[in-house]
Amino acid sequence: MAEKQFKTTIGGQALIEGILMRGPEKQCIVVRGPEGLVIKEEELKLIKDRYPILGLPFLRGSVTFLDSMVKGVKALMFSADYFPEEAGVEEPSKFEQWLDKKLGNEKMEKAVIGFSVALAVCFSIGLFMLLPTFLASFVEKVTDSVLVRNLADAALRIAIFMTYMIAVSRMKDIRRTFSYHGAEHKTIFCYEKGLELTVDNVRMQSKHHPRCGTSFLLIVIIVAILINTAIFALFPVDNVFLRMLVQLLLLPLVVGITYEFNRYVGGHDNPVTNFLAKPGLWMQNFTTFEPDDSMMEVAIEALKRVIPAEEGKDRW
């Protein structure tokens, strides 16, 4: 018999032929390699445990986001090691061999992870925030209206984000990864409903989950639009590059507000929060697909290994 439904803090991330699940005490990576499941468990070390101030509301958003990015890139690199390589893969370049010799494997890995996170953050900020602002500045050639410029900026942000997500979702390899994303959501729903973690029970669950990274990214864009529109309406800035700088300075606030918003919406179930969650859930139509049984098996294995021994410790 199923227990009363609750909301868990356990979350996950789709990998290359695998899933990362993170609980309150540890995280687990499960990858379906050529010879079966490959499992890696790690105790969680959170920066807010060493610096409690970073766990305060509105500060914890940016810290948690960057921490998730770093751990996510590490997990992706781990899963990529078990992804079948195509024939004719070239030998490491001389530059790669030099880096490996000078830095060593561990330092090399940290350097690659740091570069990957920095590149991903810069790409996201540049594509979804700075580029729309730059393009919207061209409306000044036909009108001096700050309102029109802000509306153009907002419309371009949404359009670029939507175009990017739809285009990515149509890529064959990414689509398979997004199916693992669906398996992650379904398994967490099954666990939250108190059902036994079996493929049959997981299969019946929804692939759309309100506490999802896709929802977070969409809300970041929406919050940024609202804050930037308000700031530039009250304090008009004519120089486009100065507007970009202001947006960068406001980004930690945007991420902090978004994180608290998602925590509240994800932790409450009422008509208001259900309405607020709808844009993020709709966006998941492009980032979560129905998984097959083997994917659900991977998600179940990963989730089981991060459930805390103390009942209720992962309660939202």
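For the structure, see preceding data.
First, a word on scope: everything that follows refers to the structure included in this document.

What counts and what doesn't
- Residues numbered from 1 in each chain as written.
- Predicted model: local features only at pLDDT ≥ 70, side-chain atom pairs only at ≥ 80, totals over all residues.
- Heavy atoms only, no water.
- Helix = DSSP H or I, 4+ residues; strand = E, 2+ residues; numbered from the N terminus.
- Rg over C-alpha atoms; globule rule 2.2 N^0.38 Å.
- Buried < 20%, exposed > 50% of the residue type's maximum accessible area, 1.4 Å probe, protein only.
- Pairing = 2+ DSSP bridges.
- Axes fitted to C-alpha atoms, helices over the stretch in contact; angles between N-to-C directions.
- Contact = heavy atoms within 4.5 Å.
- Phe/Tyr/Trp six-rings, centres within 6.5 Å; stacked < 30°, edge-to-face > 60°.
- Lys NZ or Arg CZ within 6 Å of the ring centre and 35° of its normal.
- Salt bridge = Lys/Arg side-chain N within 4 Å of Asp/Glu carboxyl O.

1. Notes on the overall build of the protein chain
On a plain count of helices and strands, the protein chain comes out with 10 helices and 4 strands. What you see for the protein chain is a C-alpha radius of gyration of 21 Å, in line with the 20 Å of a compact globule of 316 residues. Projected onto its principal axes, the C-alpha coordinates of the protein chain cover approximately 60 × 60 × 40 Å. Residues counted as buried form 41% of the 316 residues belonging to the protein chain.

2. Things to note about the sheet that holds strand β2 (residues 18–22)
With antiparallel pairing, 4 strands are arranged side by side in an open sheet as β1-β2-β3-β4. Two strands close off the open sheet at either side, each with one partner strand: β1 (11–15) and β4 (36–43). Taken pair by pair, the neighbouring strands of this sheet meet at an average axis angle of 15 degrees, ignoring direction. Pairing of β1 with β2 involves 5 bridges; the strand directions are antiparallel. Bridged to A14 within β2 is I19. Helix-sheet contacts for helix α5 (residues 172–192) involve β1, β2 and β3 (26–33), and the interaxial angle to β1 is about 160 degrees. Sitting on the sheet, helix α10 (residues 293–304) touches β2, β3 and β4, and the angle it makes with β2 is about 25 degrees.

3. Notes on the pairing of β4
Where β3 lies against β4, 8 bridges are found, and the strand directions are antiparallel. Counted as the bridge partner of I29 is K40 from β4. Turn length for the β3-β4 hairpin, with the two strands adjacent in sequence and antiparallel, is 2 residues.

4. Some words on the packing of aromatic side chains
Enumeration according to the criterion identifies 8 aromatic pairs in this entry. Both rings, one in F128 and one in Y164, keep their centres 5.5 Å apart while their planes meet at 70 degrees; by these two values the pair is edge-to-face. In this pair, F128 is assigned in helix α3 (residues 94–136) and Y164 in helix α4 (residues 146–169), connecting sequence segments 36 residues apart. Taking the relative accessible area as the measure of exposure, Y164 reaches 32% and is therefore partly exposed. Taking the ring centre of W316 as reference, the NZ or CZ of R211 above it sits at 4.8 Å. Taking NZ or CZ as reference, R263 lies 5.5 Å from the ring centre of W316, over its face.

5. Quick word on the pattern of salt bridges
Inspection of every chain in the model, using the stated rule, returns 17 salt bridges. E260 is the partner of R60 in a salt bridge, and the nearest nitrogen-oxygen pair spans 2.7 Å. Of this pair, R60 sits in helix α2 (residues 60–80) while E260 sits in helix α8 (residues 240–267); the two residues are 200 residues apart in sequence, bridging distant segments of the chain. Considered together, R60 and E260 belong to a single accessibility category, that of buried residues. Between D200 and R203 there is a salt bridge whose closest N-O contact spans 2.9 Å. Placement of the pair is D200 and R203 together in helix α6 (residues 199–203), with a separation of 3 residues, close to one helical turn.

Without other data, these values stay purely geometric and don't point to any function.
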